[in-house]
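Close look at the chain arrangement
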Amino acid sequence: MSESMNSKLEDRRDFLKASALVAGVAVGPGVLFYGIAHSRSPEEGASSKQRWGMLIDTTKCAVGCNDCVTACNTENGLSGKTGEQDSQWIRKLNIKHLQTGVEHNLPMLCQHCENPPCVDVCPTGASMKRADGIVLVDRHICIGCRYCMMACPYKARSFVHEPLTEQNPEVPRGKGCVESCTFCVQRVDRDETPACVEACTASGHQAMLFGDLNNPESDIAKAMKTVATTEVRADLGLNTGVRYQGI
Amino acid sequence: MANNICLNQKECGKSTGFWLLLTLGGLVMLGTLSAFFFLEHHGHIKTGMTNQIVWGLPHVFAVFLIVAASGVLNVASIGSVFGKKMYKARARLSALLALTILSGGLAVLVLDLGRPDRLIVAMTYYNFKSIFALNMIFYNGFFAIVGLYLLTMMDRKLKPWYKPIGMLAFLWRLALTTATGSIFGFLVARAGYNSALYAPMFIIYSFAYGLACFIVVQAAMYKWNDIEIDEAVLCRLKNLLATFVAAALYFTAVLHLTNLYFAKQWDFERFLLSDGGIYTLLFWGGQVMLGGFLPLLLIFSPGARKQPAILLIAALLVIIGGHAQMYVTIVGGQAFPLDMFPGYAESSSFFDGVVHAYSPSVWEMMLAVGGIATTFLITTVAVRVLKFLPEDEIKDPSSTVGQH
Ligand code: SF4
Ligand code: SF4
């Protein structure tokens, strides 16, 4: 099912890519080569030996606990307001089975997809995936078109609707750009875990595990081998870096 | 027929009217620009757009214009690719409108960006995987090709190029609308857009919307010059519009019927077709009735053969219905919540699982109409200084060439 969908998507992309080539040649090679010369490599500063990921145990995630959300807001300088126009990088989601009534609680955040639709659709390349799997928005290239928000299946992204003040210098954010969870890349690059994971552990719930999926010795890789995990919207074939257990 | 036909507005000497139109368009444009600077300063917080409805009214108007721009070129294409005389006489106006309408649509898209100051970034950084970036390339190419096409019509020396470039323009704009439709077709995660039918459907819509825009502008120009449209021409345009509108209705029906076939799309279809409030109303009342059945009824009414006004009203209705369709497609498609966990009810502080509300602010309304104002202004100036009036009876227009 997801395979056929993927191949359908691929077909459509191929066709359109081919048309683009024709277009580029017809319009003027200058435009085409200018574009290529300027496309940036998103690999800077990260290694493809790693793939950062997160495993969330929904059975341990406590009802009413919001510690991960608060920690994220503090770390990344978000206001914590929850209006329709406010940014939320991580949110507590309650899901209730329509037939059985079983409920689960879980934090929902950018799933750091291996095949991220946000990156595919971004016209400028501002949405990008680092070699280590972390999906980021380059604040300096984002033009604020919001196409990535349309494309993300998890509603993981927010648009900054108003001017911001008192920012964390490590976390550049700004009016008119789109943003989302970065796995606290500034911390990860210092060998720390994301703020949400740290807060969840500190609260004693231990529902979030962060680590390198490519390293067989890591806790997360070991856990993924022993328990049944769920990829949200697995049918889309995005191979998410965030997985859930207990659903 | 009027005796003193003027080939462009300048010749008619009706300067007061011209300046009046220019002032009118200029005032709307002024409103748009002030809304733009206001939003640029305060941010999108002053719009009704949110993190749930990320594309709103500006996109409804912009995408309508972009789609109509490619469709309006149809008239010229039928003239040059298929060699129909009556359409050839309208080719210039058709090509001009394709350029001005596209300018209007793109202007709104750019003015609505979160960082419009980075337009140069959008022009120089291309992610070739992105269908959006492809669209930008198609738009640029469209300007270049249609511009050349127009030149081949205006300059006799370039006449040998008229046909080949006409052909290129024809193919290019089919590709362009395919790409525009694919902007939505690519959003696989959203129930409202998950259909490969979007691209061909947008082509059909573009035919109908484009022709409707053409008919309205032509009617205005004829009125201006006190010319009455030839009955045979009226009849042809009428039938063509009817064909396109009927085809658009057909595609709409197919889209929803195929969606009903897939169980996972039922919830969305129920939302759109019966429980969606404003979206349901706009779909049935706006897109289907006002923009579809009513124009057909008018076109086939007994009086329509002799009454240019009836065709004009039908065309205006198609344009209104087209905006309703865009609203349903763009805003309605986002209003329906994403289903991350099929079979579960979802709730959160981020409005998961609920139908998202959208009420546009006056600022984004002012921004949205800027596209129409842009189109209107450029068209008004162009038809005044150059020769664009469709001329059915004049055999040799050479005496006036170069009088601008
Ligand atoms: S979850 Fe959304 S924002 Fe994050 S990588 Fe996937 S598509 Fe992009
Ligand atoms: S809003 Fe920014 S990151 Fe998102 S698609 Fe547009 S340019 Fe890319």
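Report on the accompanying structure. Since this is a predicted model, take the numbers as computed values, not measurements.

**Remarks on the nonpolar core**
Ranked by size, the top nonpolar core spans 136 residues in total, and within it Y147 of chain A together with L241 of chain B carry the most contacts. Sort the elements by how many residues they give to this core and helix α10 (residues 198–224) of chain B lands first, with 16 residues. Not counting chain neighbours up to four residues away, the residues in contact with L241 of chain B comprise A208, L211, A212, I215, I299, L311, A314, A315 and V318 of chain B. Ranked by size, the runner-up nonpolar core spans 45 residues in total, among them M108, A156, C200 and A207 of chain A.

**A word on the packing of aromatic side chains**
Throughout the structure, instances matching the rule amount to 31 aromatic pairs over all chains. On the basis of an interplanar angle of 40 degrees and a centroid distance of 6.4 Å, the ring pair of Y327 of chain B and Y358 of chain B is categorised as tilted. Highlighted residues: Y327 of chain B in helix α14 (residues 308–335) and Y358 of chain B in the loop between β1 (344–348) and α15 (362–368), separated in sequence by 31 residues. For the pair formed by Y327 of chain B and Y358 of chain B, the shared burial category is buried. Among the aromatic residues, those joined into a cluster by ring pairs are Y147 of chain A together with W55, F64, F132, F184, Y193, Y198, F202, Y205 and Y209 of chain B. Cation over ring: R146 of chain A sits above F159 of chain A, and NZ or CZ is 4.8 Å from the ring centre. Of note, R384 of chain B hangs over the ring of F18 of chain B, and the distance from its end group to the ring centre comes to 4.3 Å.

**Concerning the site of ligand 1**
Taken together, C110, Q111, H112, C113, P116, P117, C118, V135, C152, P153, Y154 and R157 of chain A make up all the residues around ligand 1. Here the residues of the shell around ligand 1 sort into nine nonpolar, two polar and one charged.

**Some points on the pairing of strand β3 (residues 103–109) of chain A**
All names here are of chain A. In terms of burial, β3 is largely enclosed, as six of its seven residues are buried. Note: strand β2 (residues 90–97) against β3, seven bridges, orientation antiparallel. What sits directly across from I95, in β3, is H104. The hairpin formed by β2 and β3 contains five residues between the paired strands, and G101 there has a positive phi angle of roughly 80 degrees.

Rules of the game
- Residues numbered from 1 in each chain as written.
- Chains lettered and ligands numbered in written order.
- Predicted model: local features only at pLDDT ≥ 70, side-chain atom pairs only at ≥ 80, totals over all residues.
- Heavy atoms only, no water.
- Core = buried A, V, L, I, M, F, W, Y, C linked by side-chain atoms within 4.5 Å.
- Buried < 20%, exposed > 50% of the residue type's maximum accessible area, 1.4 Å probe, protein only.
- Helix = DSSP H or I, 4+ residues; strand = E, 2+ residues; numbered from the N terminus.
- Contact = heavy atoms within 4.5 Å.
- Phe/Tyr/Trp six-rings, centres within 6.5 Å; stacked < 30°, edge-to-face > 60°.
- Lys NZ or Arg CZ within 6 Å of the ring centre and 35° of its normal.
- Near = heavy atom within 4 Å.
- Nonpolar A, V, L, I, M, F, W, Y, C, P; charged D, E, K, R; others polar.
- Pairing = 2+ DSSP bridges.

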